[in-house]
Amino acid sequence: MTELLGRLGRWALEQLGAALRVSVLMVETVSWVVVAPLTGRGFRTRSSVEHFVEYGGRSLPIVGMICFLIGVIIALQASYTLDRFGANRYIADLVAVSALRELAPLMTAILIAGRCGSAITAEIGTMKVNEEIDALEVMGVSPLKYLVAPKFVAMVLAVPAVTALAMGIMIVGGWLSAVLVVGVETQVYISQTVGAIVEKDLLTGLVKSVFFGVAICWVGVYRGFQVEGGAEGVGRRTTSSVVTSIFLIICVDLVFTVLFYYL
Amino acid sequence: MAEKQPVIVVEDLVVAYDDNVVLDQINFSVEEGEIFVILGGSGSGKTTLLRNLVGLMRPRSGRILIRGKDFTAVSEDERTEMRRNMGMCFQSSALLGSISVADNVALPLREHTKLEESTIDIMTRIKLELVGLSGVENYLPSELSGGMRKRAGIARAMAMDPELIFYDEPSAGLDPIVAAGLDELIRTMQSTFNLTSVVVTHEMESVRIIADRICVLHRGRVAGIGTLDELEASDHPYIQQFFERRPDDADHENASYAQSLTGVE
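Please read these numbers as outputs of a predicted model, since none were measured by experiment. (Residues numbered from 1 in each chain as written. Chains lettered and ligands numbered in written order. Predicted model: local features only at pLDDT ≥ 70, side-chain atom pairs only at ≥ 80, totals over all residues.)

Before going further, it helps to examine the interface of chain B and chain A. Between chain B and chain A, the residue contacts involve 15 residues of the former and 10 residues of the latter. At the level of elements, helix 2 (76-83) and helix 3 (101-112) of chain B are the ones that each hand at least two residues to the side of chain B that touches chain A. It is helix 3 of chain B that contributes the most residues to the side of chain B that touches chain A, four residues altogether. Across the side of chain B that touches chain A, the residue classes tally to eight nonpolar, four polar and three charged. (Contact = placed C-beta atoms within 7 Å. Helix = DSSP H or I, 4+ residues; strand = E, 2+ residues; numbered from the N terminus. Nonpolar A, V, L, I, M, F, W, Y, C, P; charged D, E, K, R; others polar.)

For the rest of this paragraph, the subject is the packing of helix 3 of chain B against helix 5 (residues 146-157) of chain B. Residues and elements named next belong to chain B. In the contact formed by helix 3 and helix 5, the axes pass within 8 Å of each other and the chain directions differ by 25°. Classified by the angle between their axes, helix 3 and helix 5 sit roughly parallel to one another. The two elements helix 3 and helix 5 cross, and the hand of that crossing is right-handed. Of the residues in helix 5, those in contact with V101, N104, V105 and P108 of helix 3 are A152, A155 and R156. Taken together, the residues of the contact of helix 3 with helix 5 break down into five nonpolar, one polar and one charged. (Axes fitted to C-alpha atoms, helices over the stretch in contact; angles between N-to-C directions. Parallel < 35°, antiparallel > 145°, perpendicular 65-115°, else oblique. Left-handed = near helix turned anticlockwise from the far one by under 90°.)

Let's shift gears to helix 3 of chain B. Buried within helix 3 of chain B are the following residues: B:V101, B:A102, B:N104, B:V105, B:A106, B:L107, B:P108 and B:L109. Buried residues in helix 3 of chain B make contact with helix 4 (117-130) and helix 5 of chain B. (Buried ≥ 20, exposed ≤ 12 C-beta atoms within 10 Å, placed from the backbone.)

Here the focus is the nonpolar core. Grouped together as the largest cluster of nonpolar side chains are 133 residues, with contacts concentrated most on A:V95, A:M170, A:I216 and B:V37. Leaving out residues up to four positions away in the same chain, A:I216 has contacts with A:A109, A:I112, A:A113, A:C116, A:G117, A:M155, A:V159 and A:S245. (Core = buried A, V, L, I, M, F, W, Y, C linked by C-beta atoms within 7 Å.)

For residues besides glycine, phi is generally negative; the peptide bonds are generally trans as well. Residue and element names in this part refer to chain B. Look at S93: it is not a glycine, yet its phi comes out positive at around 70°. Within the fold, S93 resides in the loop between strand 6 (86-89) and helix 3. Under the C-beta neighbour-count criterion, S93 is labelled buried, with 25 such atoms within 10 Å. Phi at D161 takes a positive value of approximately 50°, unusual for a residue other than glycine. Note that D161 resides in the loop between helix 5 and strand 7 (164-168).

Have a look at this one:
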């Protein structure tokens, strides 16, 4: 029993330590993003743009494809129930609201976590193994400024940007299957969609996705800096980076859903 | 004229991982313009010592004075400032793999100075020329041979014209000819720029060529400091063994190994 308590305590302390280190990392990164450019210590804009293209542009095909298919799927699944009540026109409402409030932000974040969060961990981890991080440090170049800050800005902008497009694509997917398979008229579908969406739905989705971006970037960076040993360490941390960031995305999602539920 | 102040003074340095003391009561100083070699076998703590000297690790106690300032106690900004006068060549050369050799050498210049891109370009070429690497500016580090990478690492360390340079195992993993070339380069750098150099190594061959003074580390303690001649005359058993390249007492080793396997006294 005492052993169990002891273990629990040690585990809790470890988690607390990890949380503390992540927070320090967060504060320092934000200071490199916000404070440093104002005090003339510079920000690597070009690198940030390159990363934005990588995280946003290159993710778009796969995110678009998946969100399109999910739109098709929800429309058909909705019809399965709604058809019995002769309420097929409400497919549009269901697709629009779930795309905006939940599915587009979530799918985008999960895909970008798998595609780019892992890449961030692998990059930083490999650099750590190769002493490249140490080399930056010795040159007096902060790895947070050189590596993390551009990625952070790119990620926080890329996730909402891709999410916004994913929302549209998902609605198009729903529309196609509703019109072609279920037999809803296009005009009805459009007017239902327009009637269903309120400003708040869009806002909910986009605000969430900004925080998803924050989570993906920080988990990726933190896991990257945790890498010890060699290639095996990189592999292990990369896997755990994806798992942790997906878990965190769901947690953030829950928090915001509860929050917006009461607002 | 006042007496020359040492560039680095290490006072009572103690470094430990948890309860495991890696370096115990290290004291030495490095004079201006000399090549100071830290010599030791594997696990003697020489790399740990170097990591402390460049501030990648914090010691448990003791001081490291660089030009009179305690490097272990200065603020982050001051540390960055002091690092502009220091260069380091890593064992694995540690060039950033995703950018070209020229960009690697230019990186400290781009980050620390507001020079025009054309000036940086010229300075980069000069530094690469200096280490005997011209014409490889646009290659990625992975496209270079081990020796060339080490040279590029030296060029990067020299980018800010430091007055103090550290080398971690410069000739490790290189063939004798390339290694000898690097030893010569270390000598040239020191004589041309009056560069104070600290070299960590275990290669006796290069020690004989480059060292002005040597500090021998053994099991985390200083076994002896002095010139090559002084140390060769030393009667410290470990120094003698190291210099004569004698293996540990084989019988004793085997016996204790067998004991550890069988558990029989």
